[in-house]
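# Residue-level structural notes
Here are the chains, one letter per residue:
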Amino acid sequence: MKYIQSHDKYWKKVQEAGGNEKMVNVSKKYERKRNNRMRRQAERRVDSLFAMIENQNPELRKLSIC
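Reading guide: rules and limits
- Residues numbered from 1 in each chain as written.
- Predicted model: local features only at pLDDT ≥ 70, side-chain atom pairs only at ≥ 80, totals over all residues.
- Heavy atoms only, no water.
- Helix = DSSP H or I, 4+ residues; strand = E, 2+ residues; numbered from the N terminus.
- Buried < 20%, exposed > 50% of the residue type's maximum accessible area, 1.4 Å probe, protein only.
- Areas by Shrake-Rupley, 256 points an atom, 1.4 Å probe, with all protein chains shown as cover.
- pLDDT = per-residue confidence, 0-100.
- Patch = residues over 30% accessible without salt bridge, like charges linked within 9 Å, V, L, I, M, F, W, Y side chains within 5 Å.
- Salt bridge = Lys/Arg side-chain N within 4 Å of Asp/Glu carboxyl O.

We now examine the overall build of the chain. A tally of regular secondary structure across the chain gives three helices and zero strands. Ordered by position in the sequence, the α and β elements of the chain form the string α-α-α. Looking at the 66 residues of the chain, the share that counts as buried comes to 9%. For the chain, the exposed area adds up to about 6100 Å²; of that, 55% sits on carbon and sulfur atoms.

See below:
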């Protein structure tokens, strides 16, 4: 519940700052969780992009490491 409250406070402060997220001070826990969430989302986007490229060109699958 505290996390939800800090999330709501964060977005309220962002709106008050004119949408500039870097101008907002937040709790360390919320900032850490948000950074981890953003990192995981970026990794998923990159993974899905590579999967799409490999599906379009099967020869590239031979070059992939994983």
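By secondary structure assignment, the location of N25 is in the loop between helix 1 (2-16) and helix 2 (28-56). Under the relative-accessibility criterion, N25 is labelled exposed at 66%.

Turning our eyes to something else, we now look at the confidence of the model for the chain. Within the chain, residue pLDDT values average 80, and 86% of them lie at 70 or more. The spread of mean pLDDT over the elements of the chain runs between helix 3 (residues 59-63), the lowest at 75, and helix 2, the highest at 87.

Nonpolar side chains collect at one region of the surface, where V46, L49, F50, M52, I53, L60 and L63 lie side by side and expose about 640 Å² of accessible area between them. Those elements that provide at least two residues to the nonpolar patch are helix 2 and helix 3. By secondary structure assignment, the location of M52 is in helix 2. Given the relative accessible area of 44%, M52 is considered partly exposed.

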